[in-house]
Amino acid sequence: MKILVTGFEPFNGQTVNPSEQIVHRLTAPEGATLVKAILPVEFKKAAAQLQELIEVHQPDILLSIGQAGGRPEISVERVAINIDSVKSSDGSKLLPDNAGHMPVDTPIEAEGAAAYFATLPLWKIVEAIQEKSIPAAISNTAGTYLCNHVMYVGLHQAATQYPQLKAGFIHVPFLPEQIKHREDRDRLAAMPLADMVTALQAVLEVLATL
């Protein structure tokens, strides 16, 4: 059993990204090999690097992790959609990637499926996290930014080239240090890094049994 786990570099002016810190701290569960990688927050480079990682390592499982600032729990994503957009859902803000790219409602794969469902056991994952007394839930939207992009690319690779590959995505909250100086900190949720690592380590234990 080989598990490829990816996180992201910091973005949007932040100096840390919890997904990166989590990946560095994860250890391989018994009976599995763990391959770790940190992806750039750039649409083109992230896709290319992920595709290369899959080709080189031929993993059985791809677990990607990203930050969803403001969410209070670990979010296990159900679906990725074939759209890149840096525009907020109300149209009021644009968030370029770290290379300054700003796609708006652009297909990830011109001939790709409209959406792909995660192929990991979502409820088993949620329950394994909750058993550690850490809040977790299934999410039905991975957004339209880099997290959705990477989830879609991974599932597209599995659907079109690597039928043995099971893939999915997990969002994690802000770290406490990311919000402590923000004016809106009283309205934002955060989670200690130790809890996030415990949660994702529990996820790996589930995946190692597949």
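Predicted model only: the values in this text are computed from it and were never measured.

S.K.: So what's going on with the pattern of salt bridges? Residues and values would help.
M.R.: For the structure shown, the criterion picks out two salt bridges. Across the pair Asp184 and Arg182 runs a salt bridge whose closest N-O atoms are separated by 3.0 Å.

S.K.: Explain the packing of aromatic side chains to me, and be specific about the residues and the numbers.
M.R.: Inspection of every chain in the model, using the stated rule, returns three aromatic pairs. Each ring, one from Phe11 and one from Tyr145, has its centre 5.8 Å from the other, and the planes form 40°; the classification is tilted. Of the two residues, Phe11 sits in the loop between β1 (2-8) and α1 (18-25) while Tyr145 sits in the loop between β7 (136-139) and α4 (146-160), which places them 134 residues apart along the sequence. There is no split in this pair, since Phe11 and Tyr145 are both buried. With centroids separated by 5.0 Å and ring planes inclined at 50°, the aromatic side chains of Tyr116 and Tyr152 adopt a geometry described as tilted. Of this pair, Tyr116 sits in strand β6 (residues 115-117) while Tyr152 sits in helix α4, and the two are 36 residues apart along the sequence. In this structure, Tyr116 and Tyr152 share a single accessibility class: buried. Chaining the aromatic ring pairs together yields one cluster made of Phe11, Phe43 and Tyr145.

S.K.: Hey, could you go over the nonpolar core for me, with residue numbers and the actual values?
M.R.: Of all hydrophobic cores here, the largest spans 69 residues; its most connected members are Leu63, Ile74 and Leu200. By residue number, the principal contributor to this core is helix α6 (residues 193-207), which donates ten residues. Residues contacting Leu200, with those up to four places away along its chain left out, are Ile22, Leu26, Leu63, Ile65, Ile170 and Val172.

S.K.: Which residues make up the environment of Glu55, and what are the values?
M.R.: Looking at where Glu55 falls in the secondary structure, it is placed in helix α2 (residues 43-57). For Glu55, a relative accessible area of 52% gives the class exposed. The sequence separation of Glu55 and Pro103 amounts to 48 residues, and the corresponding C-alpha distance is 26 Å.

S.K.: Just give me the short version of the packing of α1 against α6, but keep the residues and values in it.
M.R.: For the pair α1 and α6, the least separation of the axes is 10 Å and the interaxial angle reads 60°. As judged from the angle between their axes, α1 and α6 are oblique. Helix-helix and strand crossings are classified by hand; for α1 and α6 the assignment is right-handed. Residue-level contacts link Pro18, Gln21, Ile22 and Arg25 of α1 to Leu193, Met196, Val197 and Leu200 of α6. Of the residues belonging to the contact of α1 with α6, the class tally is six nonpolar, one polar and one charged.

S.K.: Tell me what's going on with unusual backbone geometry, and back it up with residues and numbers.
M.R.: With a phi close to 55°, Asn12 is a non-glycine residue in the positive phi region. Inspection of the secondary structure puts Asn12 in the loop between β1 and α1. Relative accessible area serves as the criterion here: at 52%, Asn12 is assigned to the exposed category.

S.K.: Account for the sheet that holds β7, with residues named and values stated.
M.R.: Across a sheet, paired strands are connected by hydrogen bonds in the backbone, their directions being either parallel or antiparallel. Strand order in the open sheet formed by six strands is β2-β1-β3-β8-β4-β7, and the pairing between neighbours is mixed. Looking at the sheet topology across the chains shown, the edges are occupied by β2 (33-39) and β7. Going across the sheet, the axis of each strand differs from the next one's by a mean of 25°, ignoring polarity. Here helix α3 (residues 122-130) sits on the sheet in contact with β4 (74-77), β7 and β8 (166-172), set at roughly 155° to β7. Where α4 meets the sheet, its contacts fall on β1, β2, β3 (61-67), β4 and β8, and the angle it forms with β8 comes to roughly 170°.

Quick notes on the rules
- Residues numbered from 1 in each chain as written.
- Predicted model: local features only at pLDDT ≥ 70, side-chain atom pairs only at ≥ 80, totals over all residues.
- Heavy atoms only, no water.
- Salt bridge = Lys/Arg side-chain N within 4 Å of Asp/Glu carboxyl O.
- Phe/Tyr/Trp six-rings, centres within 6.5 Å; stacked < 30°, edge-to-face > 60°.
- Helix = DSSP H or I, 4+ residues; strand = E, 2+ residues; numbered from the N terminus.
- Buried < 20%, exposed > 50% of the residue type's maximum accessible area, 1.4 Å probe, protein only.
- Core = buried A, V, L, I, M, F, W, Y, C linked by side-chain atoms within 4.5 Å.
- Contact = heavy atoms within 4.5 Å.
- Axes fitted to C-alpha atoms, helices over the stretch in contact; angles between N-to-C directions.
- Parallel < 35°, antiparallel > 145°, perpendicular 65-115°, else oblique.
- Left-handed = near helix turned anticlockwise from the far one by under 90°.
- Nonpolar A, V, L, I, M, F, W, Y, C, P; charged D, E, K, R; others polar.
- Pairing = 2+ DSSP bridges.

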